[in-house]
Amino acid sequence: MAHMTNSAHRGDEIAAALKASRELGPEYDEALAASLVERIDDTIEDRVRHHVARQTSEASARAGMPSNTVRFVLSLVCLGVSIPVSAVAATLGPPGMLPLVWLGLIAFYVVSVVGLRR
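Residues numbered from 1 in each chain as written. Predicted model: local features only at pLDDT ≥ 70, side-chain atom pairs only at ≥ 80, totals over all residues. Heavy atoms only, no water.

## Focus: the overall build of the chain
Thinking step 1. Helices and strands together make up the secondary structure of the chain, namely 3 helices and 0 strands.
Thinking step 2. The order of helices and strands in the chain, counted from the N terminus, is α-α-α.
Thinking step 3. When each of the 118 residues of the chain is scored for burial, the buried share is 14%.
Thinking step 4. A fraction of 57% describes how many contacts in the chain between residues 6 or more apart in sequence connect residues 24 or more apart.
Thinking step 5. Surface accessibility of the chain: about 9,100 Å² in total, with carbon and sulfur atoms responsible for 69%. (Helix = DSSP H or I, 4+ residues; strand = E, 2+ residues; numbered from the N terminus. Buried < 20%, exposed > 50% of the residue type's maximum accessible area, 1.4 Å probe, protein only. Contact = heavy atoms within 4.5 Å. Areas by Shrake-Rupley, 256 points an atom, 1.4 Å probe, with all protein chains shown as cover.)

What follows is the structure in structure tokens.
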């Protein structure tokens, strides 16, 4: 609603500048054109600033959600991988291999989660 009001207001300003240009004559055309360009630049800056602020607020609202989802998927993958890797390590590896496999999986998960928080 404010955007429409600003657009209407800017339209009124442009109409007034054109009317003033006709009344003042061609010697003031350059000054009036510069004034219109400045108003248009201000309008564009306001719209860009508003758009960037809206995009930033939307991005920050979504920022927390993906890392939680990724963390959950990563934990499921680690759990899914740990079962067959544990079975292979227990049956084919030396006796001390199973704790090393689990330490490696835990370290991978911790490093991944810490990396997601950055």
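## With respect to a nonpolar patch on the surface
Thinking step 1. Taken together, the side chains of Phe72, Val73, Leu76, Val77, Val81 and Val85 present a nonpolar region at the surface, about 490 Å² in accessible area.
Thinking step 2. Secondary-structure assignment places leucine 76 in helix α2 (residues 29–92). (Patch = residues over 30% accessible without salt bridge, like charges linked within 9 Å, V, L, I, M, F, W, Y side chains within 5 Å. Salt bridge = Lys/Arg side-chain N within 4 Å of Asp/Glu carboxyl O.)

## Description of the environment of glutamate 13
Thinking step 1. Secondary-structure assignment places glutamate 13 in helix α1 (residues 2–24).
Thinking step 2. For glutamate 13, a relative accessible area of 19% translates into the label buried.
Thinking step 3. Residues glutamate 13 and arginine 39, 26 residues apart in the sequence, show an inter-C-alpha distance of 8.9 Å.

## Focus on the pattern of salt bridges
Thinking step 1. Tallied over the full model, the rule gives 2 salt bridges.
Thinking step 2. Of the charged contacts in the structure, one is a salt bridge between glutamate 45 and arginine 49, with a shortest N-O distance of 3.9 Å. A residue pair is termed a helical-turn pair when its members lie 3 or 4 positions apart in one helix, as glutamate 45 and arginine 49 do in helix α2 at 4 residues.
Thinking step 3. For aspartate 46, the salt bridge identified is with arginine 49, shortest N-O distance 3.0 Å. Remark: arginine 49 and aspartate 46 occur in helix α2; sequence separation between them is 3 residues, near one turn of the helix.
Thinking step 4. Relative accessible area serves as the criterion here: at 35%, aspartate 46 is assigned to the partly exposed category.

## Section: the environment of aspartate 29
Thinking step 1. With respect to the helices and strands, the residue aspartate 29 is situated in helix α2.
Thinking step 2. On the basis of relative accessible area, aspartate 29 is assigned to the partly exposed category, the value being 35%.
Thinking step 3. Sequence separation between aspartate 29 and alanine 17 is 12 residues, and the spatial gap between their C-alpha atoms is 9.6 Å.

## Here we look at the confidence of the model for the chain
Thinking step 1. Per-residue confidence for the chain gives a mean pLDDT of 78; residues scoring 70 or more make up 82%.
Thinking step 2. Looking over the chain, one finds the lowest element-wise mean pLDDT in α1, namely 71, and the highest in helix α3 (residues 97–116), namely 84. (pLDDT = per-residue confidence, 0-100.)

## Observations concerning the side chain of threonine 43
Thinking step 1. Within the fold, threonine 43 resides in helix α2.
Thinking step 2. From its side chain, threonine 43 meets the backbone oxygen of arginine 39 in a polar contact 2.9 Å long. (Polar contact = N/O pair within 3.5 Å; in protein donor to acceptor, adjacent residues only side chain to side chain.)

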